[in-house]
Each structure stands twice: as structure tokens, then as C-alpha cells.
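Observations on the model geometry
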Amino acid sequence: MKKNILSWILLQLVSFSMVCFAQVKPAKIVTTPITTNIYSFFLNDFVNVIAFVGTEGVLLIDTGFDNTPAISGFSNSAEAIKEELKKLGYSNIKFVINTHYNFDHTFGNTLLGEKATIIAHHLCREQLAREAQFPKTGLPQVTFRDSINLYFNGEEISLYYMPGHTKSDIIVWFKNSKVICLGDLVISDSFTSIQFDGNANRLGKSLQAIYEKFPDDITFLPAHGRKLNRSELKANADMVLETTAIITKAIQEKMSLLTMKRLNILNDYEKWNGQLFKQLTADRWIDYVYFSIHGSEVFSVATKLGEIIDKSGLDAGLAECKELYTENGDGYYFSEFEFNNLGYKLLGESKVKEAIEIFKFNTVMYPTSWNVYDSLGEGYWNLKDKKHTVANYEQSLKLNPANTNASKMLDKIRNAK
Ligand SMILES: [Zn+2]
């Protein structure tokens, strides 16, 4: 299963941020001091940008979104970060470190790294260089393979290669301050995601290595979510190792992806369902682990369906898809989030009826997922079909009363009457 890297990343962003799509808001930051000179800027309710400040200037870990509001849902993130630094009495950004290549961690490089040295793993630079819309001025200037040390503001800072979420992840250890930035290896209290080049086994190994290498008095900062102590990190590492073992065993027993979900093989791990990113459910984690281990040997029904719809239209696509679904065999997989993304792709191409059929199919496959009804509601809303819009948002809200998008949409529709 070869994936177009750019579309994969965009789809990741789309599926994370579709709730924000409706309107673009000015960037916002909530600042939390971690030590006297390390601050966490929680940017746009999404990602933590870490600022290390001192007499020699500022070192930033990750740079958040750029000014592409259509993707992030927020505008002027880089300016907001500069403003926040100014409030702390600093403006001179000397170093930028990227924990990996995802755009929510790198797209502010150009604006924030103008006068700084940008540092990252060499595979991070390679990946960013491949991305057509990533500005070349934001590419890392210093790269490394295993580790590199930096001496700045009186602190020894070590960067270590620790892949898993992607092939290019690093962690950043502030030795005197006893703080480690984890990038996306961990999302606090949640399953994380695994990108097209990531791997669940490597992620487990990296987390275990971090846990075993560092002492109890370290504060761990994931790029998404709250800070963690060492035992909380261990709990997360154990979850990754145990769930990967369960899914690997199921793959060896030739269980299909759909059956793994129907049998709820991660039943005991549902407390790790995402809070910050509601889409990161146990089912989604099964997808990520399965693809990262088994991906090259199976094909995606959603991808195939998208191709058939493009070539021969919706009916031909759905006929093929239903046939495969009834067979439920090996060699192909159905993924809720891929179907969802396909629906949004079709919506983006103004193929509203096609999109609705895809979303509908997702509600048949995943009747307990609040997100599929939320998407179907949005599909009907595009068709100006109020009755079905309301019915689907109500169903979504019933399954997940915390779905603020659905409640907002329902208010909007009712107020418009
Ligand atoms: Zn991220």
C-alpha cells in the first residue's frame, strides 16, 4: 500500500481539524511555565510550542502552524508566538528545533526561524524538502543522525534520535532543568498516531528506552497534552507495547482489521481514547498499528473506492465496495478514518452526493462511532437537507454528548428557522 505522502499528511490534518474548518480565528496561546526559563505555549488548542529563554536568547522547540488558516483554522500563529515571547521579555530567537516533520510542528519555521539556526533529524529535513508547499526558507540548516549536543543559556541540551511516530522523531533533553520534550511520541493520556513512515514496534522501543534511560525527577513534555512524570510515561509506554503485541498476535492469526474492531480486541485500553483529539480511539489505534506492521501486504478499500469513483462513478465504486465488505476476508481493509477522509475529499470536490454515500457507508460499518454521523450531518448540510442534517447531528450527539461541533450546528440550524 503506497501512499502519497502529501495527501497522507493533509488527510491527517483534515481529520484532526475538520471541526475548525467553519471559520478562521486569530491564533491563541495559553502559556504554562514549566521551570523558571522553560515555557509551554499551548497554541490554538492543538500543539505545545516550547520556549527556552535566557540571557543568550530564545530556543524554540517546534513552530506550530503557519499562516495557512484553511488547514489550521487559525491565522497568524507565528506572530502570536513572537508576541508571547515579547511579553516574557524576549525577542531574539537563536535556535529552532523540530521534533519531526509534521506541519503542526514545522510550518512556522520560516517566520520564527528567520534569524535562527534550525536543527532537526536529517530525515526530517529530507521529508520537508519533498513537500512542495513547505517553504524552502524553513528547512532545517543543521541535521544529525543519532545525537547532537547544544550549549545555550548555560544549559546542556541533548537531542536524541527516537523514531516511531515517524521515521524522523527526536527528543530534546534539558539536562540542568531536568525536562525532556517528546514531540509526538506521546499524546498525554491518549493513543497517539503513527504516520506513513512510522512504526508501532519502533515507537514501543523508543518509549521503553526513554523510560529506562531517564531518572524519576524528569518532567516529560509531549507536544500535545499535559506534562507527564516518569510513571505516567511508563504507563503510556506499556500501553503501546501491550496493544502492539495484541494486534500483532491478531495479525498472525489472520484476523482481518474489521474483525479486530468488531471483537473489540483493545477493550481493556479504552481509557486511552483521545481527549484532545477525539478521533484517536482504540479503533483508530488498531488502524495505525495494523498499517505500520502489515500495511504493505494489504490494500485499502477506501483508496480503491476513491479511484473507481473518479473513473467510473459512484455506483460502480459502491458495488465493488459492498462485495468486499460482505466477504470480509484478508488482503484488504476498511478504515473508518480513511472512508471519512474520502468523503471529505469528495465534499471538497463538490461531489456532495458521492460524499454522502461514503459517509453513509461508514455509519453502516461503524454504527457506534459519533464521528461518522457528524460527517454525514455535514454532508447533508452541504445539500441543504435540514431534516437529515439534524437527524445525524442528533445521533452523533447521542453517542458523544461532548461533540461541540454537533451542538453548535444544531443551534445554528434551529436559530435559522
Ligand atoms: Zn503533532
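The next thing to look at is the sheet that holds strand E2 (residues 29-33). Read across the sheet, 7 strands follow the order E2-E3-E4-E5-E7-E8-E9 without closing on themselves; strand pairing throughout is mixed. Of all strands in the sheet, those with a lone pairing partner are E2 and strand E9 (142-144), marking the two edges. Geometrically, the sheet is characterised by an average inter-axis angle of 20° between neighbouring strands, direction not taken into account. Direction of pairing for strand E3 (residues 38-43) relative to strand E4 (residues 47-54): antiparallel, over a ladder of 6 bridges. Of the residues in E4, the one forming a bridge with Tyr39 is Ala51. Relative to the sheet, helix H3 (residues 77-87) contacts E2, E3, E4, strand E5 (57-61) and strand E7 (93-97), its axis offset from that of E3 by approximately 145°. Sheet strands in contact with helix H6 (residues 122-130) are strand E8 (117-121) and E9, and its direction is about 105° off that of E8.

For H3, the full list of buried residues reads Ser77, Ala78, Ala80, Ile81, Glu84 and Leu85. Looking down the long axis of H3, one finds its buried residues gathered within 160° of arc, a one-sided arrangement. Opposite the buried face of H3, by more than 90 degrees, sit the exposed residues Lys86 and Lys87. Within two residues after H3, Gly89 carries a phi angle of roughly 95°, on the positive side.

Inspection of the secondary structure assignment puts Ser407 in helix H17 (residues 404-416). Between the C-alpha atom of Ser407 and that of Glu394, which follows or precedes it by 13 residues, the distance is 8.1 Å.

Our next topic: empty space enclosed by the protein. What the rule picks out here adds up to 3 cavities of 30 Å³ or more. Lining the second largest cavity are Asn48, Ile50, Ile61, Asp62, Thr99, Cys181, Gly183, Leu221, Pro222 and Ala223. Breaking the lining of the second largest cavity down by element, the ones donating at least two residues are E4, strand E13 (179-187) and strand E14 (219-224). Among the elements that take part in the lining of the second largest cavity, E14 stands out by supplying 3 residues, more than any other. Taken together, the residues of the lining of the second largest cavity sort by class into 6 nonpolar, 3 polar and 1 charged.

To continue, consider the pairing of E2. The side chains of a regular strand alternate, first on one face of the sheet and then on the other. In this structure, E2 lies alongside E3, joined through 5 bridges in antiparallel fashion. Paired with Val30 across the strands is Phe42, a residue of E3.

Moving on, we come to the coordination of the zinc ion. Of the protein atoms, only Asp104 (OD), His105 (NE2), Asp184 (OD) and His224 (NE2) coordinate the zinc ion, at distances of 2.0 to 2.5 Å. Sequence positions of the donors to the zinc ion reduce to the motif D-H-x78-D-x39-H. Of the two residues, Asp104 is situated in helix H4 (residues 103-106) and Asp184 in strand E13; the sequence distance between them amounts to 80 residues. The same class applies to Asp104 as to Asp184, namely buried.

Right, let's get into the side chain of Glu84. Of note, Glu84 is situated in helix H3. The class for Glu84 is buried, based on a relative accessible area of 13%. A distance of 2.6 Å separates a polar atom in the side chain of Glu84 from a polar atom in the side chain of Thr31. Contacts of Glu84, omitting those with residues within four sequence positions, involve Ile29, Thr31 and Phe41.

Our focus in this paragraph is the environment of Glu357. Inspection of the secondary structure puts Glu357 in helix H14 (residues 352-365). Separated by 43 residues in sequence, Glu357 and Leu314 have C-alpha atoms that sit 8.4 Å apart. Sequence-distant contacts of Glu357, that is, excluding residues within four places in its chain, are made with Leu314 and Leu318. One polar contact links Glu357 to Lys360, side chain to side chain, over a distance of 3.3 Å.

So, how was this worked out
- Residues numbered from 1 in each chain as written.
- Predicted model: local features only at pLDDT ≥ 70, side-chain atom pairs only at ≥ 80, totals over all residues.
- Heavy atoms only, no water.
- Pairing = 2+ DSSP bridges.
- Helix = DSSP H or I, 4+ residues; strand = E, 2+ residues; numbered from the N terminus.
- Axes fitted to C-alpha atoms, helices over the stretch in contact; angles between N-to-C directions.
- Contact = heavy atoms within 4.5 Å.
- Buried < 20%, exposed > 50% of the residue type's maximum accessible area, 1.4 Å probe, protein only.
- Arc of directions from axis to C-beta.
- 1 Å grid on protein atoms, 1.4 Å probe; cavity = no way out; pocket = protein on both sides within 12 Å on 5 of 7 lines; lining within 4 Å.
- Points joined across faces, edges and corners; volume = space filled by probe spheres on them.
- Nonpolar A, V, L, I, M, F, W, Y, C, P; charged D, E, K, R; others polar.
- Donors = N, O, S within 2.8 Å, 3.2 Å for Na, K, Ca; no water.
- Polar contact = N/O pair within 3.5 Å; in protein donor to acceptor, adjacent residues only side chain to side chain.

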